[in-house]
Amino acid sequence: MVIDPVARRTDGESVRIARDVLCAGAGAKICLPEGPEEFARALARRGQRRPVVIGDDRALLRVVGLLHKERELDRVSVSMVPVGAPATVSLSRALGVPTDTVAAARTVLDGGERALDLLTDESDGIVLGGLRIPCGEAQEQGGCGSGAHPVPGARAVDGHRPWWEPAARTARTALGLLAPAAGLGLGGRRVGDSPAHDGPPARAKPRVGELLRAWGKVPTHRLRIEADGVVLADLDRPVRAVSVVPGAAGSGSGPRGLAQIEVRWPGEARPVRARARAVTVSGADFHYRADAVVGGPVRTRTWTVQAGAWRLTVPR
């Protein structure tokens, strides 16, 4: 049983409950790593024990990533007790793991194994839930999911500046210049109004995505996207967003061994959807979000579906 240090710091009570339920139902060796290196050592010394991770999506992805690098992922079933804020365990929930601590711990003891697909790339990175290009708007809305296995050139979203921050600064600056001309403050009040004004409540500050859409400047990207060699998009037509999801990932409805690919265009043009075993994206330097980690910039990357590459314990 590997207890992630972030889980111990953020929700010690849930960690205690999970540990008590698991220890009461089976013999367990408890490991309390303080960092990534100790985490890796604890997993490497598991012997014949089944790895159980208590933590958020990042902890799950760290375990799966390490087992993938050891080339033991197909021989080991992974069990998970999610501990963390809802946004940090959204991937675990999507994969079918209960987010209630007691229910998840009981699933570890009494659940069954489910074989799941994942995506791998040429840098030995993995994707469990899906990837997006780009991830600016989804980051802003918290909708990209959480947790990922780091890849070369990748940076975690949490605690780092997102790629769209320069655009956000520009938008805020422009809004600040335009608002005085209309006699409005950034909160929607007339300049000079008291904050205790009895009139209508002040408008919330617009989101960056809302400003860009209002000004008709939703970012687009010129990318060549190939699905099993078939060109879905080329450099002569900009795309707004690309998503790739393993077919048999959690609640995914696609067939095993194939990824579901969607390419969205600017405006109201109908998206292109396809299923393929491999998808290659190339073009000018681009970033991508693999689960909750932003990777790049890269000029080309190929993701390949590995059918039934790992097993996760879920409710029967």
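A few points on the structure.

1. Digging into the overall build of the chain
So, point 1. Looking only at helices and strands, the chain features nine helices and 14 strands.
So, point 2. By the burial criterion, 44% of the 316 residues in the chain qualify as buried.
So, point 3. Of all intrachain contacts in the chain linking residues separated by at least 6 positions in sequence, the fraction that spans at least 24 positions is 66%.
So, point 4. In the structure as shown, the chain presents an accessible area of about 15800 Å², 51% of it carried by carbon and sulfur atoms.

2. Quick word on the packing of aromatic side chains
So, point 1. This structure, assessed with the given rule, holds one aromatic pair.
So, point 2. When the ring of Tyr288 is compared with that of Trp303, the centres are 5.1 Å apart and the planes differ by 80°; the resulting orientation is edge-to-face. With a gap of 15 residues between them, Tyr288 in strand β13 (residues 278–290) and Trp303 in strand β14 (residues 293–314) connect regions that are remote in the sequence.
So, point 3. For Arg62, the ring lying beneath its charged end belongs to Phe39, and the centroid distance is 5.2 Å.
So, point 4. Above the face of the Trp265 ring, Arg237 is positioned so that its terminal group lies 3.7 Å from the ring centre.

3. What about the environment of Val293?
So, point 1. Residue placement: Val293 occurs in strand β14.
So, point 2. Judged by relative accessible area, Val293 falls into the buried class, the value being 5%.
So, point 3. Linking Val293 and Val127, residues 166 residues apart in sequence, is a C-alpha distance of 9.8 Å.

4. Things to note about the pairing of strand β11 (residues 259–264)
So, point 1. Here strand β10 (residues 241–246) pairs with β11 via six bridges, running antiparallel. Following the sheet pairing, Val242 is matched in β11 by Val263.
So, point 2. Here β11 runs beside strand β12 (residues 272–276); their pairing, made up of five bridges, is antiparallel. Looking across to β12, one finds that Glu262 is bridged to Arg273.

5. Some thoughts on the side chain of Ser77
So, point 1. If you trace the backbone, Ser77 turns up in strand β3 (residues 77–82).
So, point 2. Note on Ser77: relative accessible area 6%, which makes it buried.
So, point 3. Within the local environment of Ser77, its side chain forms a polar contact with the side chain of Glu113, the two groups lying 3.5 Å apart.
So, point 4. A polar atom in the side chain of Ser77 sits 3.4 Å from the side chain of Thr313.
So, point 5. Discounting chain neighbours no more than four positions away, the residues touching Ser77 are Arg50, Pro51, Glu113, Arg311 and Thr313.

6. Notes on a positive patch on the surface
So, point 1. A grouping of Lys29, Arg41, Arg45 and Arg49 is seen on the molecular surface, where their side chains present a positively charged patch.
So, point 2. Among the secondary structure elements, Arg49 is positioned in the loop between α3 (36–44) and β2 (52–55).

7. A few points about the nonpolar core
So, point 1. Core analysis: the largest hydrophobic core is formed by 28 residues, its most contacted members being Val64, Leu128 and Trp310.
So, point 2. Mapped onto this core, the elements with two or more residues apiece are α3, α4 (57–69), β3, β4 (112–121) and β14.
So, point 3. Element by element, the count of residues in this core is highest for α4, at seven residues.
So, point 4. The next biggest cluster of nonpolar side chains, apart from the first, holds 25 residues, and it includes Leu131, Ile225, Leu232 and Ala276.

8. Re helix α2 (residues 12–25)
So, point 1. Here α2 contains 14 residues, and its C-alpha end-to-end distance of 20 Å stays within 8% of the 20 Å for a straight helix at 1.5 Å per residue.
So, point 2. Of all the positions in α2, only Ser14, Val15, Ala18 and Leu22 are classed as buried. With its buried residues spanning 100° around the axis, α2 presents them on a single face.

9. Regarding the side chain of Ser90
So, point 1. Tracing the chain through its elements places Ser90 in helix α5 (residues 90–94).
So, point 2. A polar contact is formed between the side chain of Ser90 and the backbone oxygen of Ala87, at a distance of 3.4 Å.

10. Focus on helix α6 (residues 101–110)
So, point 1. All of the buried residues in α6 are Thr101, Ala104, Ala105, Thr107 and Val108. Projected down its long axis, α6 shows its buried positions confined to an angular sector of 155°, all on one face. Among the exposed residues of α6, those oriented more than 90 degrees off its buried face are Arg106 and Asp110.

The rules behind each value
- As a convention, each chain's residues are numbered from 1 in the sequence order in which they are written.
- Per-residue local features of the predicted model are confined to residues with pLDDT of at least 70, and side-chain atom pairs are confined, for both listing and counting, to 80 or more; whole-chain, interface and lining totals are unaffected and use all residues.
- In computing side-chain properties, one takes all heavy atoms of the structure into account and sets aside hydrogens as well as water.
- The way it works is that DSSP assigns letters per residue, a run of H or I at least four long becomes a helix, a run of E at least two long becomes a strand, and they are numbered from the N terminus.
- Note on classification: 1.4 Å probe, protein chains only; a residue is buried when its accessible area is under 20% of the maximum for its type, exposed when over 50%, partly exposed between these limits.
- By definition in these notes, contact holds between two residues if any of their heavy atoms fall within 4.5 Å.
- A 1.4 Å probe and the Shrake-Rupley method give the accessible areas. Residues count as covered only by the protein chains that appear here.
- Classification of ring pairs uses Phe, Tyr and Trp, with its six-membered ring standing for Trp, and accepts pairs whose centres are within 6.5 Å; under 30 degrees between planes counts as stacked, over 60 as edge-to-face, and the remaining range as tilted.
- The criterion for a charge sitting over a ring is simple: Lys NZ or Arg CZ within 6 Å of the ring centre, and within 35 degrees of the ring normal.
- Two strands qualify as a pair provided DSSP detects at least 2 bridges between them.
- Throughout this description, a polar contact denotes any pair of N or O atoms lying within 3.5 Å of each other; where both atoms belong to protein, one of them has to be capable of donating a hydrogen while the other can accept it, and for residues adjacent in sequence the pair is counted only when both atoms sit in side chains.
- A patch is a set of surface residues, each over 30% in relative accessible area and not in a salt bridge, joined within 9 Å for like charges and within 5 Å for the nonpolar side chains Val, Leu, Ile, Met, Phe, Trp and Tyr.
- Salt bridges are identified by distance alone: a Lys or Arg side-chain nitrogen within 4 Å of an Asp or Glu carboxyl oxygen.
- Residues scored as positive are Lys and Arg, those scored as negative are Asp and Glu, and His as well as the terminal groups of each chain are ignored.
- Charge positions are represented by NZ for Lys, CZ for Arg, CG for Asp and CD for Glu.
- For this analysis, a nonpolar core means a set of buried residues of the types Ala, Val, Leu, Ile, Met, Phe, Trp, Tyr and Cys, connected via side-chain atoms within 4.5 Å.
- A helix is expected to span 1.5 Å for every residue after the first.
- Note that the arc is defined by the directions from the helix axis to the C-beta atoms.

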